[in-house]
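What follows is each chain in one-letter form.
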Amino acid sequence: MQHLIFDLDGTISNPEVGILNGYKYTFPKVNLATPSDDVLKKLIGPPLRTVFETMYGLSSTQADYAIRTYRIYYNELGGAYENELYDGMKSLLDCLFQQNRKLHIATHKGAMTAQILQHFEIRKYFSQIQFYNEEKGITTKEKMIELIMQAEGVTDKNNIAMIGDRNTDIEAANYQQIKSIGVTYGFGSKEELEQAFPTFIANTVAELHNILHQN
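These lines cover the structure that appears in this document, whether it is placed above or below. Fair warning: this is a prediction, and the values are worked out from it, not measured in the lab.

## Things to note about the side chain of S13
Item 1. Inspection of the secondary structure assignment puts S13 in strand β2 (residues 13–14).
Item 2. Those residues within four positions of S13 in sequence are excluded, and the remaining contacts are L8, N83, E84, L85, Y86 and F120.

## Quick notes on the pairing of strand β5 (residues 126–131)
Item 1. The pairing of strand β4 (residues 102–107) with β5 spans 5 bridges and is classified as parallel. Of the residues in β5, the one forming a bridge with A106 is Q130.
Item 2. Each parallel crossover has a hand, and the one from β4 via helix α6 (residues 113–119) to β5 is right-handed.

## Topic: unusual backbone geometry
Item 1. One non-glycine residue, Q177, lies in positive phi territory at about 60°.
Item 2. Relative to the helices and strands, Q177 resides in the loop between α8 (167–175) and β7 (179–183).
Item 3. For Q177, a relative accessible area of 59% corresponds to the exposed category.
Item 4. A positive phi is found at F197, a non-glycine position, where the angle reads about 65°.
Item 5. Structurally, F197 can be placed in the loop between α9 (190–195) and β8 (200–202).

## Quick word on the packing of aromatic side chains
The description of two aromatic rings rests on the distance between their centres and on the angle between their planes.
Item 1. The final tally for this structure, using the stated rule, is 10 aromatic pairs.
Item 2. Seen from their ring centres, F6 and F126 are 6.4 Å apart, and the 80° between their planes marks the pair as edge-to-face. Here the residue F6 occupies a position in strand β1 (residues 3–6), and F126 occupies one in strand β5, the gap between them amounting to 120 residues.
Item 3. By relative accessible area, which is 0% here, F6 ends up buried.
Item 4. Its relative accessible area of 4% is what places F126 among the buried residues.
Item 5. Geometrically, the ring pair formed by Y86 and Y185 is edge-to-face, given 4.8 Å between the ring centres and 65° between the ring planes. With a gap of 99 residues between them, Y86 in the loop between β3 (84–85) and α5 (89–98) and Y185 in the loop between β7 and α9 connect regions that are remote in the sequence. With respect to class, Y86 is no different from Y185; both count as buried.

Quick notes on the rules
Residues numbered from 1 in each chain as written. Predicted model: local features only at pLDDT ≥ 70, side-chain atom pairs only at ≥ 80, totals over all residues. Heavy atoms only, no water. Helix = DSSP H or I, 4+ residues; strand = E, 2+ residues; numbered from the N terminus. Contact = heavy atoms within 4.5 Å. Pairing = 2+ DSSP bridges. Right-handed = clockwise from strand over helix to strand, strands pointing away. Buried < 20%, exposed > 50% of the residue type's maximum accessible area, 1.4 Å probe, protein only. Phe/Tyr/Trp six-rings, centres within 6.5 Å; stacked < 30°, edge-to-face > 60°.

Following this line, the structure appears as C-alpha cells:
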C-alpha cells in the first residue's frame, strides 16, 4: 500500500488529557453536568458538533457556543499540547517516509491539526492533511478520503488504506472501497472496530508496523 491515511487522535497521538480538560472546561458553561472521565473518553473521535448536538441534545446555536468555548481551552489555553505521541509512532512514520510511502492525515480535529503535527516535529512526513471544516463542507472521513484520493490521483484502491481507532474510520474506508487498519490502542474498543469490518487490526504500534511492512 503506497498511500496511507492516518487518523490523528487515538492513532498517532494520545490527546486524552487535553480533550478531557477541554470538555470539563466547556460542559459547565453550557449548563451540562460534566460526565465521568470514562464517559468523556468515549467522546474522543466524533466531531464536536456531533457530541454537543446529537449526543447531548443542544440546539445548533447552543452547540456553536459550546464549540467556541471548547476551542478557547483547546486552541488558546494549551489543551492541544496536553498530548503525546504513542510509543514507537515517530520511528514508524520515519520508516514509512524513508520507504517513499505517501502519508496523509484525515481527522475530525480542526484547524489546529497542522500545529499539532509541527509540535511533534512530524509535519514533514505528511502530504495531504484533511481536517474537519464546516465552511468547506468537510465534515466526514468519507469526504476527507475522497479529497485525498483526488489530490493524489489515486485510482488503484488496493494501493491506499485508512488507519484509525474508531468505527467511523473503518466505515469511511469501506464506503470508499479502500483497505483499512483498525488500531485498538486508541479510544475505540476491539469490538467496535471488528463490527465495522476492517481489513486488518493492530493492537500495538509494533503490530501496525508489521502489517504495513508486509503490505
